[in-house]
Amino acid sequence: MSIFEAGEPRIVAGQDNDGCVVLALSPCLSAALADAGHARLSDVAASWTRLRAEEGEVIGTEIADAIVGGPAAVVSSARPVSSSRASSSGPPHSA
């Protein structure tokens with residue numbers, strides 16, 4: 001099942017003519033976005049632009065990359081730091 005068939009992402013506010021929307025992302029979609037590399041996100045954006053074009057809506061490549069990459073960057077930066085990363089990036093502990 002695709003994320004769109006699952007009703008993802010869900011628009012919770014906006015969708016007026018100004019182009020601004022607020023999306024709700026499930027934990028599964030959030031994790032997939034956070035784990036995706038730049039190439040995968042670009043592929044997703046390209047697929048999305050093709051789907052939208054089939055419905056008559058033209059979205060530029062740069063805009064599609066920003067729309068897909070923006071939420072990915074937010075969920076990636078919002079992930080908690082793992083204990084192994086936290087201990088290796090901090091100052092040495094004295095005994």
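In what follows, the structure referred to is the one given above.
First, a word on what this report is: a plain description of the structure on this page. Note that the structure is predicted; figures quoted are calculated from it, not measured.

## Quick notes on the overall build of the protein
Phase 1 of the analysis: Broken down by element type, the protein carries 4 helices and 2 strands.
Phase 2 of the analysis: Seen in sequence order, the protein has helices and strands lined up from the N terminus as β-β-α-α-α-α.
Phase 3 of the analysis: Within the span of the protein, comprising 95 residues, buried residues form 16% of the whole.
Phase 4 of the analysis: Counted over contacts in the protein with a minimum sequence separation of 6, partners at least 24 positions apart contribute 33%.
Phase 5 of the analysis: For the protein, the accessible area works out to roughly 7100 Å², and carbon and sulfur atoms hold 58% of it.

## Description of the pattern of salt bridges
Phase 1 of the analysis: A full pass over the atoms with the stated rule returns 2 salt bridges.
Phase 2 of the analysis: Close ionic contact of arginine 52 with glutamate 55 constitutes a salt bridge, the shortest N to O distance being 2.8 Å.
Phase 3 of the analysis: The salt bridge involving glutamate 57 is made with arginine 52; its shortest N-O contact spans 2.5 Å.
Phase 4 of the analysis: The structure contains a network of salt bridges with shared partners spanning Arg52, Glu55 and Glu57.

## Remarks on the nonpolar core
Note on soluble globular proteins: their nonpolar side chains tend to be buried together.
Phase 1 of the analysis: In this structure, Leu29, Leu33, Ala34, Leu41, Ala45, Trp48, Ile59, Ala64, Val68, Ala72 and Val75 together form the largest nonpolar core, which totals 11 residues.
Phase 2 of the analysis: Elements with a minimum of two residues in this core: helix H1 (27–35), helix H2 (38–54) and helix H3 (61–78).
Phase 3 of the analysis: Apart from the residues lying within four places of it in its own chain, the contact partners of leucine 41 are Leu33, Ala36, Val68 and Ala72.

## Remarks on the packing of H1 against H3
The geometry of a pair of packed helices is captured by two quantities: the angle between their axes and the separation between those axes.
Phase 1 of the analysis: Two elements in contact, H1 and H3, have axes separated by 8 Å at closest approach and are oriented at 100°. By the angle between their directions, the pair H1 and H3 is classed as roughly perpendicular. Contact residues: Ser30, Leu33 and Ala34 in H1; Val68, Pro71, Ala72, Val75 and Ser76 in H3.
Phase 2 of the analysis: Among the residues making up the contact of H1 with H3, the classes are represented as 6 nonpolar, 2 polar and no charged.

## What about the packing of H2 against H3?
Phase 1 of the analysis: Interaxial distance between H2 and H3 falls to 8 Å at its minimum, and their mutual angle equals 130°. Here H2 is positioned oblique relative to H3, judged by the angle of their axes. Crossing handedness for the pair H2 and H3: right-handed. Two secondary-structure elements touch here, H2 through Leu41, Ser42, Val44, Ala45, Trp48 and Thr49 and H3 through Ala64, Asp65, Ile67, Val68 and Ala72.
Phase 2 of the analysis: Classifying every residue of the contact of H2 with H3 gives 8 nonpolar, 2 polar and 1 charged.

Rules used in this analysis
- Residues numbered from 1 in each chain as written.
- Predicted model: local features only at pLDDT ≥ 70, side-chain atom pairs only at ≥ 80, totals over all residues.
- Heavy atoms only, no water.
- Helix = DSSP H or I, 4+ residues; strand = E, 2+ residues; numbered from the N terminus.
- Buried < 20%, exposed > 50% of the residue type's maximum accessible area, 1.4 Å probe, protein only.
- Contact = heavy atoms within 4.5 Å.
- Areas by Shrake-Rupley, 256 points an atom, 1.4 Å probe, with all protein chains shown as cover.
- Salt bridge = Lys/Arg side-chain N within 4 Å of Asp/Glu carboxyl O.
- Core = buried A, V, L, I, M, F, W, Y, C linked by side-chain atoms within 4.5 Å.
- Axes fitted to C-alpha atoms, helices over the stretch in contact; angles between N-to-C directions.
- Parallel < 35°, antiparallel > 145°, perpendicular 65-115°, else oblique.
- Nonpolar A, V, L, I, M, F, W, Y, C, P; charged D, E, K, R; others polar.
- Left-handed = near helix turned anticlockwise from the far one by under 90°.

Honestly, it's all geometry; don't read function into it.
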